[in-house]
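What follows is the residue order along each chain.
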Amino acid sequence: MPDLNNDSELIKDFLSGNESSFNRIVLKYQEKIYWHARRMTGNHFDADEVLQEVLLVMYKKLAAFGHKSSLYTWIYTITNTRSINFLKKKNIIHMFSLDDIRSKPDEKINIIVDLDKKEKLKTVERILQKLPIKQREIFIMRNYNELSYEEASEITGISIGALKANYFHALNKVKELMKDYE
Amino acid sequence: MNDEEKFFRFLNNKMSNQEKNNFKKELIASEKLLEEFNSYKKIFGYINETKTISLHPAYSENIIPAFRKRLNKKNKQRLYFKFAYGIVLIIVSLTGYLLLDQNKNNYADTIEQIYSNLTNQELDNLYTDYDIDLEKIFDDTMLNNIDSMYMEKVDQNYIESYSSSDVIPFNNLDINELQKYMEQDQMELVYSELLNKKIL
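Residues numbered from 1 in each chain as written. Chains lettered and ligands numbered in written order. Predicted model: local features only at pLDDT ≥ 70, side-chain atom pairs only at ≥ 80, totals over all residues. Heavy atoms only, no water.

### So, the overall build of chain B
The helix and strand inventory of chain B stands at eleven helices and zero strands. For chain B, the sequential pattern of α-helices and β-strands runs α-α-α-α-α-α-α-α-α-α-α. For chain B, buried positions account for 24% of its 200 residues. If you take every contact in chain B between residues at least 6 apart in sequence, the share linking residues at least 24 apart comes to 49%. (Helix = DSSP H or I, 4+ residues; strand = E, 2+ residues; numbered from the N terminus. Buried < 20%, exposed > 50% of the residue type's maximum accessible area, 1.4 Å probe, protein only. Contact = heavy atoms within 4.5 Å.)

In structure tokens:
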């Protein structure tokens, strides 16, 4: 019986054919994946789509996970990449579409139960969506995931200097935008 | 360490006690720094409150079932795709085979038709007038086929007469212009031979 807290054991068990071990890995990280996707995409519907894509990638590629980083870093990198690709694809579709592309109306169930947090979340999402993707990315990594510039550089492949510049611009823009919500 | 990094470390509780005390003194000493810090603190407040939000169980409990459903659908699609690919491959191979087979027969028919429409003289002219080196174009089998067809189609009397050294076939040459192409004594020889032959 694999140790439920040990990622390596869960991976090994899944690769031996035990599907339930994969489910345990998903349960452990699904909320982190969802929230990073949500902050990047700005709405529940797109975040759910990205989450499902990430789970499919994990399922197919877990055998190739080389343990060079922690499992969470690996999953986070996939989530970040998929979110950015999703946004770029959405922008292209929006550019060529004659219809006004809007995010689909929110879910029938309330994903967030706490109403006070729900309002603050909407404010943050509106502000984040006004940032260019690269600025949004580093802003989320620094403030939500508390990553150092070195860690962010490893995940994104962007130089530390460029990340710092992006963060500086993001922070200034957020400060300006926050004034509208005082 | 720049100001933003100090704010970040202070608000995320990453500073030592000594660092915290020093930072507080800096804030007291600089009004501008304090203003910037307050601005950053406001943003940080929003972030902090939206950092850990639990998902509704009705959604979170459905993530894995939704994933499994999608995975099964993808596996089925892959199977259908492979099946369709196999069918298309068979159809393309059969079509290609039938077309090639058809063309081979058509080619043979075309050669037959060409030969049957030619006169004996034209058949003979194919070799001499156009100076075609058939050995470069056709393989041995084709050359044998052409020879056989030639023998079948050309009038037997014509072949006998051609093979005889007595008969010289002229290819659209005006006999009166022989002098342009031959020496005088050669011309005399031709005239004397012609007088003995049926042609004149």
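### Some details on the interface of chain B and chain A
Counting from both sides, the interface comprises 32 residues of chain B and, opposite them, 44 residues of chain A. A combined buried area of about 3,800 Å² lies between chain B and chain A, and 62% of that area is made up of carbon and sulfur atoms. Here Lys-14 of chain B ties to Glu-146 of chain A by a salt bridge, and the two come within 3.7 Å at their closest N and O atoms. Linking chain B to chain A there are 19 residue pairs in polar contact (both at pLDDT 80 or more). Broken down by secondary-structure element, the contributors of at least two residues to the side of chain B that touches chain A are α1 (3-11), α3 (31-49), α4 (57-60) and α5 (63-117) of chain B. For the side of chain B that touches chain A, the element with the most residues is α5 of chain B, which contributes nine residues. (Buried area = accessible area lost by both parts, 1.4 Å probe. Salt bridge = Lys/Arg side-chain N within 4 Å of Asp/Glu carboxyl O. Polar contact = N/O pair within 3.5 Å; in protein donor to acceptor, adjacent residues only side chain to side chain.)

### Concerning a nonpolar patch on the surface
The grouping of Ile-92, Met-95 and Phe-96 of chain A at the surface amounts to a nonpolar patch, some 390 Å² of accessible area in total. Residue Met-95 of chain A is classed as exposed on the basis of its relative accessible area, which comes to 62%. (Patch = residues over 30% accessible without salt bridge, like charges linked within 9 Å, V, L, I, M, F, W, Y side chains within 5 Å. Areas by Shrake-Rupley, 256 points an atom, 1.4 Å probe, with all protein chains shown as cover.)

### Re the pattern of salt bridges
Side-chain pairs of opposite charge can arise where the charged atoms are in close proximity. Residue and element names in this part refer to chain A. Overall, the coordinates contain 15 salt bridges over all chains when judged by the stated rule. Note that Asp-46 and Lys-90 form a salt bridge whose closest N and O atoms lie 2.4 Å from each other. Remark: Lys-90 occurs in helix α4 (residues 71-96) and Asp-46 occurs in helix α3 (residues 44-61); sequence separation between them is 44 residues. With a relative accessible area of 4%, Asp-46 lands in the buried category. Of the residues examined, Lys-90 reaches a relative accessible area of 22% and is grouped as partly exposed.

### Some thoughts on the side chain of Thr-41 of chain A
All names here are of chain A. Position of Thr-41 relative to the elements: it lies in helix α2 (residues 19-41). A distance of 2.8 Å separates the side chain of Thr-41 from the backbone oxygen of Ala-37, its partner in a polar contact. A polar contact of 3.5 Å, which involves the side chain of Thr-41, links it to the backbone oxygen of Asn-43. Contact partners of Thr-41, with chain neighbours within four places excluded, come to Asp-46, Ala-47, Val-50, Phe-86, Leu-87 and Gln-129.

### So, the packing of aromatic side chains
Throughout the structure, instances matching the rule amount to 19 aromatic pairs over all chains. A centroid spacing of 6.0 Å and a plane angle of 65 degrees characterise the contact between Phe-7 of chain B and Phe-23 of chain B, whose relative ring orientation is edge-to-face. Placement of the pair is Phe-7 of chain B in helix α1 and Phe-23 of chain B in helix α2 (residues 17-29), with a sequence separation of 16 residues. With respect to burial, Phe-7 of chain B and Phe-23 of chain B carry one shared label: buried. For the pair Phe-10 of chain B and Phe-23 of chain B, a centre-to-centre distance of 5.0 Å together with 45 degrees between the ring planes defines the contact as tilted. Of this pair, Phe-10 of chain B sits in helix α1 while Phe-23 of chain B sits in helix α2, and the two are 13 residues apart along the sequence. The residues Phe-10 of chain B and Phe-23 of chain B share a single accessibility class, namely buried. Cluster of aromatic residues (ring-pair linked, three or more members): Phe-7, Phe-10, Phe-23, Phe-37 and Tyr-40 of chain B. Across from the ring centre of Tyr-167 of chain A, 5.6 Å away, lies the NZ or CZ of Arg-142 of chain A, which sits over that ring. Geometry around Phe-8 of chain B places Arg-142 of chain A over its ring, the cationic atom sitting 4.0 Å from the centre. (Phe/Tyr/Trp six-rings, centres within 6.5 Å; stacked < 30°, edge-to-face > 60°. Lys NZ or Arg CZ within 6 Å of the ring centre and 35° of its normal.)

### Notes on unusual backbone geometry
Positioned with a positive phi, Glu-146 of chain A is a non-glycine residue whose angle comes to about 55 degrees. Inspection of the secondary structure assignment puts Glu-146 of chain A in the loop between α6 (133-143) and α7 (149-156). What makes Glu-146 of chain A partly exposed here is its relative accessible area of 30%. The phi angle at Asn-13 of chain B is positive, at roughly 60 degrees, despite the residue not being glycine. Within the secondary structure, Asn-13 of chain B sits in the loop between α1 and α2.

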